[in-house]
Amino acid sequence: MKTNIILTLAIVLATSFLSGCATHKVERVDTKEAIDLSGRWNDTDSRLVAEEMVNQVLGGAWINNHNQESDGKKPVVIVGLVYNKSHEHISAETFIKDVERAFINSGRVRLVQAGDKREELRRERAAQQEFATLETAKAWGKELGADFMMNGDINSIVDTYKKERVNFYKVNLELANLETNEIVWIGDKEIKKYVTK
């Protein structure tokens, strides 16, 4: 009896060990290649949203309107929060960084830091007042004030029936004039995925 228990235990341990040693293959692929394993939000969706939002926001009339009203000065934009109201964890930061990069690279917009990163800059400026030389310390009160703020949300709807599922995502972004609260641009991107098991 005792021998059977030991033999059974040995077989279970050996099987566990061998299954743990199963081959695991990792392959490098092009970052632009669309690979959708689960049907959930992924890097391809993030890239598609960023591309569409960049085209929409930089093609909007708000830039030309601002330039006419401000004697040709570039609009200053700050990117606020993008709320995830979807059914899953989605990092908006991935496509927001692409939008910010496009703002800067377009040469048509000036971008200022927001949130925690802005506070980090302010802490550094405060430290300079105490530790940097008088000639190199950056002065208080010289921050560039934003003309417009961008924010938005990510929403989703899931429809399931037996072994079928449809994931629908809608990303909404808007740009508002900080002085007047006027919404000067609204953009959106929809993604729909059909998943079967």
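Residues numbered from 1 in each chain as written. Predicted model: local features only at pLDDT ≥ 70, side-chain atom pairs only at ≥ 80, totals over all residues. Heavy atoms only, no water.

> Describe the overall build of the protein, listing the residues and the values that go with them.
Looking only at helices and strands, the protein has five helices and five strands in total. Sequence-ordered secondary structure for the protein, helices as α and strands as β, is α-α-α-β-α-β-α-β-β-β. Relative to its length of 197 residues, the protein is extended, with a C-alpha radius of gyration of 26 Å against a globular reference of 16 Å. In terms of overall dimensions, the protein has C-alpha extents of about 90 × 50 × 30 Å along its principal axes. Residue burial in the protein is summarised as follows: out of 197 residues, 29% are buried. A fraction of 65% describes how many contacts in the protein between residues 6 or more apart in sequence connect residues 24 or more apart. Counting every atom, the protein has about 13900 Å² of accessible surface; 54% of that belongs to carbon and sulfur. (Helix = DSSP H or I, 4+ residues; strand = E, 2+ residues; numbered from the N terminus. Rg over C-alpha atoms; globule rule 2.2 N^0.38 Å. Buried < 20%, exposed > 50% of the residue type's maximum accessible area, 1.4 Å probe, protein only. Contact = heavy atoms within 4.5 Å. Areas by Shrake-Rupley, 256 points an atom, 1.4 Å probe, with all protein chains shown as cover.)

> Account for the pairing of strand E1 (residues 76-84), with residues named and values stated.
A regular strand places its side chains so that they alternate between the two faces of the sheet. Strand direction decides the pairing type here: E1 and strand E2 (residues 110-112), joined by three bridges, are parallel. The residue of E2 that forms the bridge with Val-77 is Leu-111. Where the polypeptide runs from E1 across helix H4 (residues 93-106) and back to E2, its parallel neighbour, the crossover connection is right-handed. Note: E1 against strand E3 (residues 148-161), six bridges, orientation parallel. Across the sheet, the residue bridging to Asn-84 is Ile-154, located in E3. (Pairing = 2+ DSSP bridges. Right-handed = clockwise from strand over helix to strand, strands pointing away.)

> An account of helix H2 (residues 43-58) is requested, with residue identities and associated values reported.
Helix length check: H2, at 16 residues, gives a terminal C-alpha distance of 22 Å against a target of 22 Å (1.5 Å per residue), a fit within 8%. By the N-cap criterion, in which a side-chain oxygen at the helix start approaches the backbone nitrogen of a residue two or three places on, H2 is capped by Asn-42, the distance to Thr-44 being 3.0 Å. (Expected span 1.5 Å × (residues − 1). Polar contact = N/O pair within 3.5 Å; in protein donor to acceptor, adjacent residues only side chain to side chain.)

> How would you explain the environment of Arg-122 if you had to name every residue and give the values?
Relative to the assigned elements, Arg-122 resides in helix H5 (residues 115-131). As for Arg-122 and Val-79, which are separated by 43 residues in sequence, their C-alpha atoms are 17 Å apart. With residues near it in sequence (within four places) discarded, Arg-122 still touches Trp-140 and Glu-143. At a separation of 3.0 Å, a polar atom in the side chain of Arg-122 contacts the side chain of Glu-119.

> Explain the sheet that holds E3 to me, using residue names and the numbers behind them.
Taken together, the five strands give an open sheet; going across it, the order is E2-E1-E3-E4-E5, and neighbouring strands pair in mixed fashion. Lying at the two open borders of the sheet, with one neighbouring strand each, are E2 and strand E5 (183-196). Direction aside, neighbouring strands of the sheet carry axes that sit 25 degrees apart on average. With respect to the sheet, H4 is in contact with E1, E2, E3 and strand E4 (164-177), its orientation differing from that of E1 by roughly 165 degrees. (Axes fitted to C-alpha atoms, helices over the stretch in contact; angles between N-to-C directions.)

> Can you tell me about the pairing of E5, naming the residues and giving the values?
Two strands pair when backbone bridges link them, and E4 and E5 are joined in this way by 13 bridges, in the antiparallel orientation. Pairing of Leu-173 across the sheet is with Gly-187, part of E5. The antiparallel hairpin formed by E4 and E5 contains five residues in its connecting segment, where Asn-181 sits at a positive phi of about 65 degrees.

> Go over the packing of aromatic side chains with me, naming the residues and quoting the values.
Counted by the stated rule, this structure contains three aromatic pairs. Taking 5.4 Å as the distance between ring centres and 70 degrees as the angle between the ring planes, the aromatic pair formed by Trp-41 and Tyr-169 counts as edge-to-face. Of the two residues, Trp-41 is situated in the loop between helix H1 (2-20) and H2 and Tyr-169 in strand E4; the sequence distance between them amounts to 128 residues. Classification of Trp-41 by relative accessible area gives buried; the value is 12%. When the centroid spacing of 5.2 Å and the interplanar angle of 70 degrees are considered together, the rings of Trp-62 and Phe-148 count as edge-to-face. (Phe/Tyr/Trp six-rings, centres within 6.5 Å; stacked < 30°, edge-to-face > 60°.)

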